[in-house]
Amino acid sequence: MTAKKDSLYASPVEQISAFKFDEAVVNVFPDMIQRSVPGYQLIISAIGLLASRYTHAGSVCYDLGCSLGAASLSMREQITAPNCKIIAVDNSQAMIEQFKQHLTADSEKAEIEIVQADIRDIDIKNASVVVLNFTLQFIPVADRLEFLTKIYQGLQPGGILILSEKLKFTDEKQQQLQTDMHHIFKQAQGYSALEISQKRSALENVLIPETFAQHQQRLQQAGFSSAEVWFQYFNFASMIALK
Ligand code: GEK
C-alpha cells in the first residue's frame, strides 16, 4: 500500500467539522497514524508477539476498530497455533473497503474475516485475544463499561485484552506537559502548528480520553482480574487486561 502523506489540515479551514473516518482520511491513514501516535509501530509489533503467546488452537482473535488491519496483519504474522481465526471489525465503510482490497490471502496462516459493523453490536465468542488499539476512545463514555463487560464475557479464561488509548491526566501541569510533548512529537514528524491545532479541534468531543485510573477501575468492574500499562510514550499508552 502506498503511504500518501497526510495534509488534510495543512490549509486554513473556516469551519472545522467533527473528525470522521471517511475516504479522505482512509487515503492517508497509515501516514496519519504513524506521525500522530507516538510508538504506534512498536505497539503494532508487540500485538503480534502477545497474540503469538496467548492464542491457542481453535480460538479467535478480535481486532475491534481495525481500520486498515495493521494489528490483524501483525497477529496473522506471529500466530502459530492451528485453526485460529482473526475477526477484524470497523464501522467505517471506507476503511473496510480499503482493507478488503489490500488483504492478500495466505492459506498458511490464520484466516482474517473482515466485518463492517459497530463494535458494540457484534458477538464475541471463544476469544483468546481482543485488541482495542486506539478505538475505545471513540466509543461514548456511557457505553464503555457494558462494551468491556461483553468483551470480558467473550474471552476464554486466561485470555487477554490489549487496550491502547490516548490518556488524560488529573494533574493540570502533567496534562499540559504531556500535551505539549505530543505536539512537539507531531512537529518533529513534520506537522505544522496549524495542522496540529485544526486536527485537535476536529477531534474535540469525538475522541474522549480518560485517565489510566479510570480505565483500570472500569476494566476491573468489567471483570478483569488485573489491568496494567505495558507501554507508554507521553500521553499514549497500551494496557493489558487479564481474564
Ligand atoms: C490500528 N486499530 O491501526 N464501531 C466500529 N469501529 C469504530 C467505532 C465503532 N463504534 N468507532 C470508531 N471506530 C487501528 C487504529 S483508529 C484510531 C484505530 C485513530 C473505528 C474507526 O472507524 C477507525 O477506523 C478506528 O475505530 C480508530 O491499529 O485513528 O486514532
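As the structure is a prediction and not an experimental result, all values here were calculated from the model.

About the cut-offs
Residues numbered from 1 in each chain as written. Predicted model: local features only at pLDDT ≥ 70, side-chain atom pairs only at ≥ 80, totals over all residues. Heavy atoms only, no water. Pairing = 2+ DSSP bridges. Helix = DSSP H or I, 4+ residues; strand = E, 2+ residues; numbered from the N terminus. Near = heavy atom within 4 Å. Polar contact = N/O pair within 3.5 Å; in protein donor to acceptor, adjacent residues only side chain to side chain. Areas by Shrake-Rupley, 256 points an atom, 1.4 Å probe, with all protein chains shown as cover. Nonpolar A, V, L, I, M, F, W, Y, C, P; charged D, E, K, R; others polar. Buried < 20%, exposed > 50% of the residue type's maximum accessible area, 1.4 Å probe, protein only. Right-handed = clockwise from strand over helix to strand, strands pointing away. Salt bridge = Lys/Arg side-chain N within 4 Å of Asp/Glu carboxyl O.

Novice: Which residues make up the pairing of strand β6 (residues 226–233), and what values do they have?
Specialist: In the sheet, β6 pairs with strand β7 (residues 236–242) via 7 bridges, with the strands oriented antiparallel. Among the inter-strand pairings, Ser226 is bridged to a residue of β7, identified as Leu242. Count of turn residues in the β6/β7 antiparallel hairpin: 2 residues, of which Phe234 carries a positive phi of about 55°.

Novice: Which residues make up the site of the ligand, and what values go with them?
Specialist: Close to the ligand lie 22 residues; Tyr40, Gly65, Ser67, Asp90 and Asn133 are nearest. Contact between the ligand and Asp118: a nitrogen atom at 3.2 Å from a side-chain N or O atom of the residue. The contact in question runs from a nitrogen atom of the ligand to an N or O atom on the backbone of Ile119, over 3.0 Å. Contact with the protein chains hides 94% of the accessible area of the ligand, taken as 650 Å² for the molecule alone. Broken down by secondary-structure element, the contributors of at least two residues to the shell around the ligand are α1 (23–36) and α2 (40–54). The class makeup of the residues in the shell around the ligand is 12 nonpolar, 7 polar and 3 charged.

Novice: Which residues make up the pairing of strand β5 (residues 155–166), and what values go with them?
Specialist: Most of β5 is tucked away: 9 of the 12 residues are buried. Summarising the sheet, strand β4 (residues 127–133) and β5 pair through 6 bridges and their orientation is parallel. Residue pairing for β5: Val129 is matched across the bridge by Ile160. Taken together, β4, helix α5 (residues 141–154) and β5 form a β-α-β motif whose crossover is right-handed. Of the strand pairs in this sheet, β5 and β7 are connected by 7 bridges, and their pairing is antiparallel. When the sheet's bridge partners are listed, Ile162 is paired in β7 with Ile240.

Novice: Can you break down the pattern of salt bridges residue by residue, with the values?
Specialist: Applying the stated criterion to the full structure yields 9 salt bridges. Taking the shortest distance from any N to any O, the salt bridge between Arg120 and Asp143 comes out at 2.7 Å. Pair noted here: Arg120 is in the loop between β3 (111–116) and β4 and Asp143 is in helix α5, with a separation of 23 residues, a long-range link. For Asp143, a relative accessible area of 26% corresponds to the partly exposed category. For Arg144, the salt bridge identified is with Glu210, shortest N-O distance 2.8 Å. Highlighted residues: Arg144 in helix α5 and Glu210 in the loop between α7 (193–203) and α8 (212–222), separated in sequence by 66 residues. Glu210 carries the same exposure label as Arg144, and that label is buried.

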